[in-house]
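Descriptive structure summary
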Amino acid sequence: MQLAVFQTVARQSPAAGRRASSITLWINPLCSGMGAEGPRGGEPRITSGPTELVSGFFLNGGPHRFYSSPGCRRPEPLPGAGTVRVLNPATGALVATATSTDGHFVTIPLPAGSYTIAGTFGDATVNGRHATKSMSVQIPPGHSVRQDFILQIP
């Protein structure tokens with residue numbers, strides 16, 4: 001089976017809706033890459049703002065696919081659904097929990113400090129179970145910390 005692959009139009013002359021005896025099209029390149037790409041940039045991302053944790057759920061990898069865009073740049077991906085649990089690393093006590101839906105980040109206001117965070121993917125399963133990732137995070141006072149959960153897929 002052969003898949004249809006399309007290239008997108010970057011611009012055209014004359015402009016859309018205008019008439020001419022000939023048309024010139026500038027086409028965006030045909031690009032290829034992983035089926036799913038996680039967020040760009042290193043993490044954690046620490047910015048000035050309210051003292052809080054911001055997390056998203058992303059898949060990274062998957063089957064190779066074609067796409068067409070200016071400069072082969074993909075838009076920043078939207079997060080999937082999941083649940084974040086924030087734990088006190090010294091006692092293991094649950095400090096906070098929040099669940100997101102597809103396309104939304106989890107935002108949890110927290111006091112400054114060190115935490116263990118555990119994220120459970122809502123839309124991804126491994127061997128029939130929802131995938132879970134855990135990590136440590138430090139939240140400084142007066143700063144927002146973005147720490148995403150990324151699941152590598154073959």
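Residues numbered from 1 in each chain as written. Predicted model: local features only at pLDDT ≥ 70, side-chain atom pairs only at ≥ 80, totals over all residues. Heavy atoms only, no water.

1. Observations concerning the state of the cysteines
What the rule picks out here adds up to one disulfide. A disulfide bridge connects C31 with C72, and the sulfur atoms are separated by 2.0 Å. Taking the torsion about the sulfur-sulfur bond, which here is approximately -85°, the covalent link between C31 and C72 counts as left-handed. Here C72 lies in the loop between β7 (65-68) and β8 (82-87) and C31 lies in strand β3 (residues 30-33), a separation of 41 residues in the sequence. The class of C72 is partly exposed, set by a relative accessible area of 33%. (Disulfide = S-S within 2.5 Å. Helix = DSSP H or I, 4+ residues; strand = E, 2+ residues; numbered from the N terminus. Buried < 20%, exposed > 50% of the residue type's maximum accessible area, 1.4 Å probe, protein only.)

2. As for the sheet that holds strand β12 (residues 129-139)
In a beta sheet, neighbouring strands pair by backbone hydrogen bonds and run either parallel or antiparallel. Pairing in this open sheet of four strands is antiparallel, and the strands run β9-β8-β11-β12 from one edge to the other. The open sheet has two free edges, formed respectively by β9 (94-100) and β12, since each of these has just one partner strand. In this sheet, adjacent strand axes meet at a mean angle of 20° when their direction is disregarded. As paired strands, β8 and strand β11 (residues 113-126) are joined by six bridges and run antiparallel to one another. Paired with L87 across the two strands is T116, which belongs to β11. (Pairing = 2+ DSSP bridges. Axes fitted to C-alpha atoms, helices over the stretch in contact; angles between N-to-C directions.)

3. Some points on the pattern of salt bridges
Enumeration over the complete set of coordinates arrives at three salt bridges. In this structure, R74 and E37 form a salt bridge, with 3.5 Å as the shortest nitrogen-oxygen distance. Of this pair, R74 sits in the loop between β7 and β8 while E37 sits in the loop between β3 and β4 (45-48), and the two are 37 residues apart along the sequence. By relative accessible area, E37 is classed as partly exposed at 29%. Across the salt bridge formed by D148 and R146, the nearest N and O atoms sit 2.8 Å from each other. On the basis of relative accessibility, which here comes to 2%, the residue D148 falls in the buried class. Since its relative accessible area comes to 16%, R146 is described here as buried. (Salt bridge = Lys/Arg side-chain N within 4 Å of Asp/Glu carboxyl O.)

4. Remarks on the environment of I46
Tracing the backbone shows I46 in strand β4. The class of I46 is partly exposed, set by a relative accessible area of 44%. Sequence spacing of I46 and Q147 is 101 residues, and the spatial spacing of their C-alpha atoms is 8.9 Å.

5. Observations regarding unusual backbone geometry
Residue P14 follows S13 across a cis peptide bond; omega there is 0°. Within the element layout of this structure, P14 appears in the loop between β1 (9-13) and β2 (24-27). Of note, the amide linkage connecting E43 to P44 takes the cis form, showing an omega dihedral of 5°. Along the chain, P44 turns up in the loop between β3 and β4.

6. Focus: the pairing of strand β13 (residues 143-146)
Here β4 runs beside β13; their pairing, made up of four bridges, is antiparallel. Bridging across to β13, S48 finds its partner in H143.

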